[in-house]
Amino acid sequence: MKKFWPFFFLSLMLSLFSTGVALLWRWWRRTGLFPRPCETLPLHNSPTAPTLTAGQQVKLLTYNVQYFAGKGHFFFYEGGADSHIAPETIAQSVREVARVIRAENPDIILLQEVNQNDQRTSLTDQLALLRAELPPEYACWTQTFYWRVGFVPHPQIWGPAGMSMVMLSKYRLHTAVRHALPTLPRPWYLRHFYFKRALLEVRVPVRHGRDLLVINTHLDVFDGDSEAAKIQVTAVQAHLEKLTKAGERWVLGGDFNLLPPGQRSLLPEKSQKFFSPYTELRPLFNRWHTAVPPMHHAPPHEHQKWCTLLPNDPSYTQPVCTLDHFFAAPDLPLRSSYVRQEDTLTASDHLPLITHVIA
């Protein structure tokens, strides 16, 4: 009998350990982000939503809302000390972004950095907060996460993280697909905690015409790492070529974290170090229609009106560069494009970019 107890306790400890590992694995998988290369996403349509009609002008707006933090913070990843955002600040920023959207009245909205269940933003569901502030016409929507971690052991986060891209539309949507983009090289033990970048591709039906594909994206921050930037941009370019070869009519918008050609030399010297001398977006500018023009030999006022980033660093007082873009298929010219700057400098570190296409 004495020989039985050591084996019993050993068996019990192994059983408890195995159970703990299994529970930890299930939690890891449930709260993490493990996307397939291509996956269909759920979308939400209103039964009363209209359908786009061929020949109709469609207004699109892309906006990195910086998880509705407003402009009163200088964050730790930028060189500041801030990390967490108070709920009242989020509520005010949501109202500001909603005000801008109502004033522009776009047909389709592309948003980046919308948080949900994120420790830094008080675990709020920011999409639900925004939808409550928007007109009921924006009843069709979808989203995809590109950062979701059950627990981030960084002292400035120390909790869950969740960030998504969102598309909202006045018009009926047909399908939504997530296409994974290459991740930047990281040690295997850190990959789980980093962003999983993607293309959010939504098919919008057009009555008496060909469908319109609207694509939303947010590329990595490259900090002058040209090789890393080329990896993601090459993947984007390959996907666009595939769509074009298939005869699709597409428009791609979002935060690319890269400059238009010719802009780097127009930036303050302290900002130039974050970008390579020749922008990795050049192949997209050479191949597709663009909302933002190249900046070669642009006078200061021309460069300034296209800037979409006002850094949180308090040493910057004016928008400094252009990171947000629209590109479109060869048979889908972009019309009447502009950046709304005059009343958006306190809503986010990014400014909204607007363009128009004909369905």
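This text gives an overview of the structure that appears in the document. Note that the structure is predicted; figures quoted are calculated from it, not measured.

So, on to the sheet that holds strand β16 (residues 353-358). The seven strands lie next to each other as β2-β6-β7-β5-β4-β16-β15, forming an open sheet whose pairing is mixed. Every other strand in the sheet has two partners, leaving β2 (43-44) and β15 (335-339) as the edge strands with one partner each. Docked against the sheet, helix α2 (residues 87-104) engages β4 (57-64), β5 (108-115), β15 and β16, running at close to 165° with respect to β4. Where helix α3 (residues 126-133) meets the sheet, it contacts β5, β6 (140-152) and β7 (159-169), and its direction lies at approximately 140° from that of β5.

Quick look at the pattern of salt bridges now. In this structure the tally under the stated criterion is 14 salt bridges. With a shortest N-O distance of 2.9 Å, Glu 104 and Lys 59 are connected by a salt bridge. One end of the pair, Glu 104, is in helix α2; the other, Lys 59, is in strand β4, with 45 residues separating them in the sequence. Here Glu 104 and Lys 59 have matching classes, each one buried. With its nearest N and O atoms 3.0 Å apart, the salt bridge here joins Glu 241 to Arg 287. With Glu 241 in helix α4 (residues 226-245) and Arg 287 in helix α6 (residues 282-287), the pair connects residues that are 46 residues apart, well separated along the chain.

The next thing to look at is the pairing of β4. With respect to burial, β4 is a largely interior element, seven of its eight residues being buried. In this structure, β4 lies alongside β16, joined through six bridges in antiparallel fashion. Bridged to Leu 60 within β16 is Thr 355. Summarising the sheet, β4 and β5 pair through five bridges and their orientation is parallel. Bridge pairing in β5 links Leu 61 to Ile 109. Taken together, β4, α2 and β5 constitute a β-α-β crossover, and its handedness is right-handed.

Phi at Asn 105 is positive, roughly 55°, even though this residue is not glycine. Its place among the elements puts Asn 105 in the loop between α2 and β5. Positioned with a positive phi, Ser 122 is a non-glycine residue whose angle comes to about 60°. Residue placement: Ser 122 occurs in the loop between β5 and α3.

Here seven strands make up an open sheet; going across it, the order is β1-β8-β9-β11-β12-β14-β13 and the pairing mixed. If you trace the sheet from one side to the other, it starts and ends with β1 (38-41) and β13 (289-290), each paired once. Pairing of β13 with strand β14 (residues 324-328) involves two bridges; the strand directions are antiparallel. Among the inter-strand pairings, Thr 290 is bridged to a residue of β14, identified as Phe 327.

All right, on to the packing of α2 against α3 then. Contact geometry of α2 with α3 gives a least axis separation of 9 Å together with a crossing angle of 50°. As judged from the angle between their axes, α2 and α3 are oblique. With respect to the hand of their crossing, α2 and α3 are arranged in right-handed fashion. Across the interface between the two elements, Ile 90, Val 94, Arg 95, Val 97, Ala 98 and Arg 102 from α2 touch Gln 126, Leu 129, Leu 130 and Glu 133 from α3. Broken down by class, the residue content of the contact of α2 with α3 amounts to six nonpolar, one polar and three charged.

A few words on the side chain of Asn 312. Here Asn 312 is to be found in the loop between α7 (300-305) and β14. Side-chain polar atoms of Asn 312 contact the side chain of Glu 78, separated by 3.0 Å. In this structure, Asn 312 is in contact with Gln 66, Gly 70, Lys 71, His 73, Phe 74, Phe 75, Glu 78 and Asp 349, ignoring residues within four places of it in sequence.

When its volume is computed, the largest pocket comes out at roughly 1600 Å³. Forming the walls of the largest pocket are 47 residues, and the residues nearest its centre are Tyr 77, Glu 78, Phe 195, Val 221 and Asp 223. Residue classes in the lining of the largest pocket are distributed as 24 nonpolar, nine polar and 14 charged. In this structure, the second largest pocket occupies an estimated 190 Å³ of space. Together, Leu 33, Glu 39, Leu 41, Pro 42, His 44, Trp 141, Thr 142, Gln 143, Thr 144, Phe 145, Arg 148 and Arg 178 line the second largest pocket. Going through the elements one at a time, β1 and β6 are the ones with two or more residues in the lining of the second largest pocket. With six residues, β6 is the largest single contributor of residues to the lining of the second largest pocket. Class assignment for the residues of the lining of the second largest pocket results in five nonpolar, four polar and three charged.

All right, on to α2 then. For α2, with 18 residues, the first-to-last C-alpha span of 26 Å sits near the 26 Å given by 1.5 Å per residue. Within α2, burial applies to Ile 90, Ser 93, Val 94, Glu 96, Val 97, Ala 98, Val 100, Ile 101 and Glu 104. Lining the buried residues of α2 we find β4, β5, α3, β15 and β16. One or two steps after α2, the chain reaches Asn 105, where phi turns positive at roughly 55°.

The rules behind each value
- Residues numbered from 1 in each chain as written.
- Predicted model: local features only at pLDDT ≥ 70, side-chain atom pairs only at ≥ 80, totals over all residues.
- Heavy atoms only, no water.
- Pairing = 2+ DSSP bridges.
- Helix = DSSP H or I, 4+ residues; strand = E, 2+ residues; numbered from the N terminus.
- Contact = heavy atoms within 4.5 Å.
- Axes fitted to C-alpha atoms, helices over the stretch in contact; angles between N-to-C directions.
- Salt bridge = Lys/Arg side-chain N within 4 Å of Asp/Glu carboxyl O.
- Buried < 20%, exposed > 50% of the residue type's maximum accessible area, 1.4 Å probe, protein only.
- Right-handed = clockwise from strand over helix to strand, strands pointing away.
- Parallel < 35°, antiparallel > 145°, perpendicular 65-115°, else oblique.
- Left-handed = near helix turned anticlockwise from the far one by under 90°.
- Nonpolar A, V, L, I, M, F, W, Y, C, P; charged D, E, K, R; others polar.
- Polar contact = N/O pair within 3.5 Å; in protein donor to acceptor, adjacent residues only side chain to side chain.
- 1 Å grid on protein atoms, 1.4 Å probe; cavity = no way out; pocket = protein on both sides within 12 Å on 5 of 7 lines; lining within 4 Å.
- Points joined across faces, edges and corners; volume = space filled by probe spheres on them.
- Expected span 1.5 Å × (residues − 1).

Such coordinate-based values are descriptive only and should not be taken to indicate function.
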